[in-house]
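Close look at the chain arrangement
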Number of protein chains: 2
Amino acid sequence: MKPTIYDVAREAGVSIATVSKVINNTGRISEKTRQKVLKVMKQLDYQPSILASALTGKHTYTIGLLIPDIANPFFAELSRRVEDRGQELGFSVVMCSTDNDPDKTVRYITLLKQKSVDGIILASSFENHQVLKGLLEENFPIALISQEIPSLAIDSVTVDDFLGGYQVTEYLLQLGHQKIAIVAEKAPSNQKRMDGYRKAIADANVEMKENYMAITQATVEGGYHCANQLFDLPEPPTAIFACNDLIAIGVIKAARERNLKIPNDLSVVGFDNTFMAEMVDPPLSSVQQPICEMSRQVVDLLVKKIQGEKSRKRVVLLPELVVRKSTMPPEEQQ
Amino acid sequence: MKPTIYDVAREAGVSIATVSKVINNTGRISEKTRQKVLKVMKQLDYQPSILASALTGKHTYTIGLLIPDIANPFFAELSRRVEDRGQELGFSVVMCSTDNDPDKTVRYITLLKQKSVDGIILASSFENHQVLKGLLEENFPIALISQEIPSLAIDSVTVDDFLGGYQVTEYLLQLGHQKIAIVAEKAPSNQKRMDGYRKAIADANVEMKENYMAITQATVEGGYHCANQLFDLPEPPTAIFACNDLIAIGVIKAARERNLKIPNDLSVVGFDNTFMAEMVDPPLSSVQQPICEMSRQVVDLLVKKIQGEKSRKRVVLLPELVVRKSTMPPEEQQ
DNA sequence: TGTGATGTAGAAAAGCTTTTCGGAAAAACG
DNA sequence: CGTTTTTCCGAAAAGCTTTTCTACATCACA
């Protein structure tokens, strides 16, 4: 059926070793035989099997990408960037949506290893130190994006979430807001954003209210739900910091239903700065994560590992608040 | 390093053939040795190499998914569904964004074959009959989604685009609109939607205007741009049928900038009914493609092919218009 | 006890590539 | 022309699994 290296060798009147050397540009081959072999390869449309090649100790040139859910635009874009950079470096990526489910994650990891992927990029949150430590010990290439694990020496690329949270809050405070709520997802990155929020509030000597802090899922519904709860408070906030864009959109939706004008009655800030931030009405102020750069870096980190690099590294990129039309100083309180 | 079948065999005091039989539940093995082998396997945490297995003619349990761009929510959701169904059937999916570039597509296809994927799902448009015919001839499993190729006997799952286009237009006509524009992407599926549009216009004996039909890219910008052109027409349309949701959002954005109220001054209908349709303000009427069902079907089709099924099949699902708040009868003309 | 049937396990080849090492041919040198 | 060096190529093993076919052991039965 498909031609093998034997077919090429026979057709070219040489041994398979010679063909292999031509393919890989190794050993010494006379120009004449090289040309002969190349010609036959083209003629038969021969493509070496990466499977067989990998079996001899070479790479599969495939990496696994674990994300919570590709349907979240942030991860969709991240995936795309990872794929692009992988492609540039000669790697394919197999997509694994974990829904942040630890069991599913573990199953995916063992499956990927069975399939001999060269390495794994972990973008979904995963707290099983046991498993991660295992991977590190057997020197299996792995890199984290959008999360780090303080107690493990594992490559990671993150954005400074604390700083991002601080910047947003500081910005809202500077606008004159005092009643600032935050809606976050239950995830380490969001926790840090919330820490930044707290610090900024504290630094400004503004009263910190526990019921201004809400935890929910990273979905439009989650944001919608929490916003409604916040609006029902005796002293509703004048600004809401949503820890990702989906949540922010939920907040906007809830506000619209109550005839709260944005930004006049309520300022809203998102996080991630996905394409939706520009899409929504009014355009959403949001914290830009340099997805492109992060993806690139994480792939590069992983590929270096695959190529045998030993040293480990944490890369921290800085976020940037992009101000659009969803924020303004609070209107005169009545 | 990683244990092999030899390690298990040695440890269990049997031959590798026996171990293989235990793994695959083939041949006759006494309960005693089976248990012994299983125990050792667990003990060593042995995972058979799918690579080596595939080399002997078995499957890699991996399929390729070619899509234009994962950053488009429609394809993001499609990917997720394909992955989920694949997962259920034991297949991983490697993600390939083609940007509808034919060369990139061809490169991806040959790469995937080199990696011995078991089959390919093609969701990005691809007109190279040469290549497709080649795949069919060598009986390489392949299935199309969201497109079909009339002149090739190739498995496909589509939605009835003509009908979808007809339904939207008919609906707008029934509301009383006479000036209905359409903005489409340059792709076969969109072409069919436009055919449906034409037919509905013709059936209603309404005048068909060539300058109500615009072609652009499947992006927010594309929709924005075309909408502006349409608004500048001497007789601007009272309704715009956008052939996908991204375009519709661009249209809405342009309308907003001109202070055109939706739906009062302009009705807008989208296509795909992605999550964005609910997100946008006002919620967008859009044509539902049964993504979940389509994805499931296409995976099932492909897997059947992989398992040796010979017969070929075209599955056509029916679209459904979901009416939300972006459409209403045209206001009294001045 | 001998014969045949049945159940169990292993040796070996196949699948496709890479790599090492040795040998033959060609070239260089005196 | 004989010898040494260089150049080129191939035989064979390794990598991990599956599968076939043979062989041995066990058992039932006459």
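Remember, predicted model here, so these are calculated numbers, not experimental data.

Assignment of secondary structure puts Ser97(B) in strand β2 (residues 92-97). Take Ser97(B): its relative accessible area is 0%, and that puts it in the buried class. Residues contacting Ser97(B), with those up to four places away along its chain left out, are Arg80(A), Glu83(A), Ile67(B), Pro68(B), Asp69(B), Ile70(B), Lys104(B) and Tyr108(B).

A word on the pairing of strand β9 (residues 267-272) of chain B. All names here are of chain B. The buried count for β9 comes to 6 of 6 residues, which makes it a mostly enclosed element. Direction of pairing for strand β8 (residues 239-242) relative to β9: parallel, over a ladder of 3 bridges. Looking across to β9, one finds that Ala 239 is bridged to Ser 267. Handedness of the β-α-β unit built from β8, helix α11 (residues 245-257) and β9 comes out right-handed. When β9 meets strand β10 (residues 285-288), the two strands line up parallel, connected through 4 bridges. Of the residues in β10, the one forming a bridge with Asp 272 is Gln 288.

Sequence positions flagged by UniProt for "domain: HTH lacI-type" (unreviewed entry) are, in local numbering, residues 3-57 of chain A. Structurally, residues 3-57 of chain A is divided into 67% helix and 0% strand, and its ends, taken at the C-alpha atoms, are 22 Å apart.

Below, the discussion takes up the protein's contact with DNA strand D. Looking at DNA strand D, there are 27 residues lining it, with Thr18(A), Lys21(A), Thr33(A), Ile5(B) and Tyr46(B) nearest. When atoms of DNA strand D within 4 Å of the protein are sorted by moiety, sugar and phosphate together comprise 71%. Taking Thr18(A), its side chain carries an N or O atom lying 2.5 Å from a phosphate oxygen of DNA strand D. Here a phosphate oxygen of DNA strand D sits 2.8 Å away from a polar atom, N or O, in the side chain of Ser20(B). Going through the elements one at a time, α2 (16-24) and α4 (50-55) of chain A together with α1 (5-12), α2 (16-24) and α4 (50-55) of chain B are the ones with two or more residues in the surface near DNA strand D. Across the surface near DNA strand D, the residue classes tally to 12 nonpolar, 12 polar and 3 charged.

So, on to the interface of chain B and chain A. Interface size is often expressed as the accessible area that is lost when the parts come together. Taken together, the contact pairs 50 residues of chain B with 50 residues of chain A. Summed over both sides, the interface between chain B and chain A buries roughly 4,400 Å², with carbon and sulfur atoms accounting for 58% of that surface. Joining chain B to chain A, the criterion identifies 6 salt bridges. One salt bridge connects Arg80(A) with Asp69(B), and the closest N-O pair in it is separated by 2.9 Å.

So, how was this worked out
- Counting of residues starts from 1 at the beginning of each chain's written sequence and follows it residue by residue.
- For this description, chains carry letters from A and ligands carry numbers from 1, given in the order in which they are written.
- Where local features are concerned, this predicted model is filtered to residues with pLDDT of at least 70; where side-chain atom pairs are given and counted, the filter is 80 or more; whole-chain, interface and lining totals use all residues.
- Side-chain measures here rest on the full set of heavy atoms in the structure, leaving out hydrogens and waters.
- Numbering of helices and strands runs from the N terminus; a helix is a DSSP stretch of H or I covering at least four residues, while a strand is a stretch of E covering at least two.
- Throughout this description, buried means an accessible area under 20% of the type-specific maximum (1.4 Å probe, protein chains only), exposed means over 50%, and partly exposed covers the range between.
- We call two residues in contact when some of their heavy atoms are within 4.5 Å.
- What makes two strands pair is DSSP finding at least two bridges between them.
- A crossover gets the label right-handed when its path from the first strand over the helix to the second runs clockwise, viewed with the strands pointing away from the viewer.
- UniProt positions are given in the numbering used here, feature names are shortened, and annotations may be inferred rather than shown by experiment.
- In this text, near means that some heavy atom of the residue lies within 4 Å of the molecule or strand in question.
- Counted as a polar contact is a pair of N or O atoms within 3.5 Å, where, for protein atoms, one must be capable of donating a hydrogen and the other of accepting one, and residues adjacent in sequence contribute only when both atoms are in side chains.
- The classification used treats Ala, Val, Leu, Ile, Met, Phe, Trp, Tyr, Cys and Pro as nonpolar, Asp, Glu, Lys and Arg as charged, and all other residues, Gly among them, as polar.
- Defined in terms of a 1.4 Å probe, buried area is the accessible area two parts forfeit on being brought together, summed over both.
- Each reported salt bridge corresponds to a side-chain nitrogen of Lys or Arg within 4 Å of a carboxyl oxygen of Asp or Glu.

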